[in-house]
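Chains, contacts and geometry: an overview
Here is what each chain is made of, one letter per residue.
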Amino acid sequence: MEERARYQLDRKITVDEFQRLGREGFFPEDARLELVDGEVREMTPVGPVHAGIVDRITEALMRRLIDTHRIRVQNPIDLDARNEPQPDIVVAKRLPELDHRHPNPPDVLLAIEVSDSTLRQDRRQKIPRYARAGIPESWIIDVGRRRIHIFTDPAGITYQSETAHALGDTIESPTIRALRVPASEILPRD
């Protein structure tokens, strides 16, 4: 299911308007929504495999980075005036102001998407937006193929480098020096 339901508004909106509508109760309280190019989009429900992988990544990142970085799980980032996606995981700089606002691109070191039913959408929509915003590193966890795709060196709407890692590999982040994790800690075994 690549295309998600959109809340019908009479025009495209900004991140500020999206947040205001949320505070005012325009959207259902339990709705999983993100803003993409000024359009409110409903996100795919989180299934058990997806949730398990998010848990595994979170645990792996916490063991390695909790003292030095902010790890955010399924929370928004403000990419620009009309884009507020919700990556599955974000590793950001440890900044006190992130207690009062969502991270902006300069705050974000790594954005991770877990793709069990959204691989095409993540590759075509989210990764280019992260590159355009200058986020230095993005990952896609391809659940079906049990691969971790790592994108680095953003330039325009693309990343100049992509590597893929399988179960036996160890991932070494070029952006976050302390992040070295075996793929087996992240990918489902069966």
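The present account deals with the structure reproduced in this document. This one's a predicted model, so the numbers in the text were calculated from it and none came from an experiment. (Residues numbered from 1 in each chain as written. Predicted model: local features only at pLDDT ≥ 70, side-chain atom pairs only at ≥ 80, totals over all residues. Heavy atoms only, no water.)

1. Observations concerning the overall build of the protein chain
When helices and strands are counted, the protein chain shows three helices and 10 strands. Along the chain direction, N to C, the helices and strands of the protein chain fall in the order α-β-β-α-β-β-β-α-β-β-β-β-β. A globule of 190 residues ought to have a C-alpha radius of gyration of about 16 Å, and the protein chain, at 16 Å, matches this closely. Overall, the protein chain is about 50 × 35 × 30 Å in size when its C-alpha atoms are taken along their principal axes. Looking at the 190 residues of the protein chain, the share that counts as buried comes to 47%. The long-range share in the protein chain, meaning contacts at least 24 apart out of those at least 6 apart in sequence, stands at 55%. (Helix = DSSP H or I, 4+ residues; strand = E, 2+ residues; numbered from the N terminus. Rg over C-alpha atoms; globule rule 2.2 N^0.38 Å. Buried < 20%, exposed > 50% of the residue type's maximum accessible area, 1.4 Å probe, protein only. Contact = heavy atoms within 4.5 Å.)

2. A short note on the pattern of salt bridges
In the structure shown here, the tally under the stated rule is 15 salt bridges. The salt bridge partner of Glu97 is Arg101, with a shortest N-O separation of 3.9 Å. By relative accessible area, which is 35% here, Glu97 ends up partly exposed. Across the pair Arg180 and Glu172 runs a salt bridge, and its minimum N-O distance is 3.4 Å. Overlapping salt bridges, with partners in common, bring together Glu34, Glu113 and Lys126 in one network. (Salt bridge = Lys/Arg side-chain N within 4 Å of Asp/Glu carboxyl O.)

3. Some points on the packing of aromatic side chains
Taken as a whole and judged by the stated rule, the model has three aromatic pairs. Seen from their ring centres, Phe26 and Phe27 are 5.1 Å apart, and the 85° between their planes marks the pair as edge-to-face. Seen from their ring centres, Phe151 and Tyr159 are 6.1 Å apart, and the 45° between their planes marks the pair as tilted. Tyr159 matches Phe151 in its accessibility class, with the two residues each being buried. Each member of the aromatic cluster is reached from another via a ring pair, and the members are Phe18, Phe26 and Phe27. (Phe/Tyr/Trp six-rings, centres within 6.5 Å; stacked < 30°, edge-to-face > 60°.)

4. Side note on helix 1 (residues 15-23)
Residues Val15, Glu17, Phe18 and Leu21 constitute the buried set of helix 1. Along the long axis of helix 1, the arc covered by the buried residues comes to 165°, so they all point the same way. Away from its buried face by more than 90 degrees, helix 1 exposes Asp16 and Arg23. Where helix 1 is buried, its residues meet strand 1 (33-36) and strand 2 (39-42). Just beyond helix 1, the residue with positive phi is Gly25, at close to 80°. (Arc of directions from axis to C-beta.)

5. Observations regarding the sheet that holds strand 7 (residues 147-155)
In any sheet, the strands associate via hydrogen bonds between backbone groups, in a parallel or an antiparallel arrangement. The sheet built from six strands is open, its strands ordered 3-4-5-6-7-8 with mixed pairing. The sheet is open, and its two borders are formed by strand 3 (69-73) and strand 8 (158-165), each paired with just one other strand. Put simply, the sheet's adjacent strands are angled 15° from each other on average, direction ignored. Pairing of strand 5 (residues 108-115) with strand 6 (residues 137-142) involves five bridges; the strand directions are parallel. Counterpart to Val114 in the pairing with strand 6 is Ile141. (Pairing = 2+ DSSP bridges. Axes fitted to C-alpha atoms, helices over the stretch in contact; angles between N-to-C directions.)

6. Here we look at unusual backbone geometry
Residue Asp37 is not a glycine yet carries a positive backbone phi of 50°. You will see that Gln74, though not glycine, has its phi angle at about 50°, which is positive. Structurally, Gln74 can be placed in the loop between strand 3 and strand 4 (89-93).

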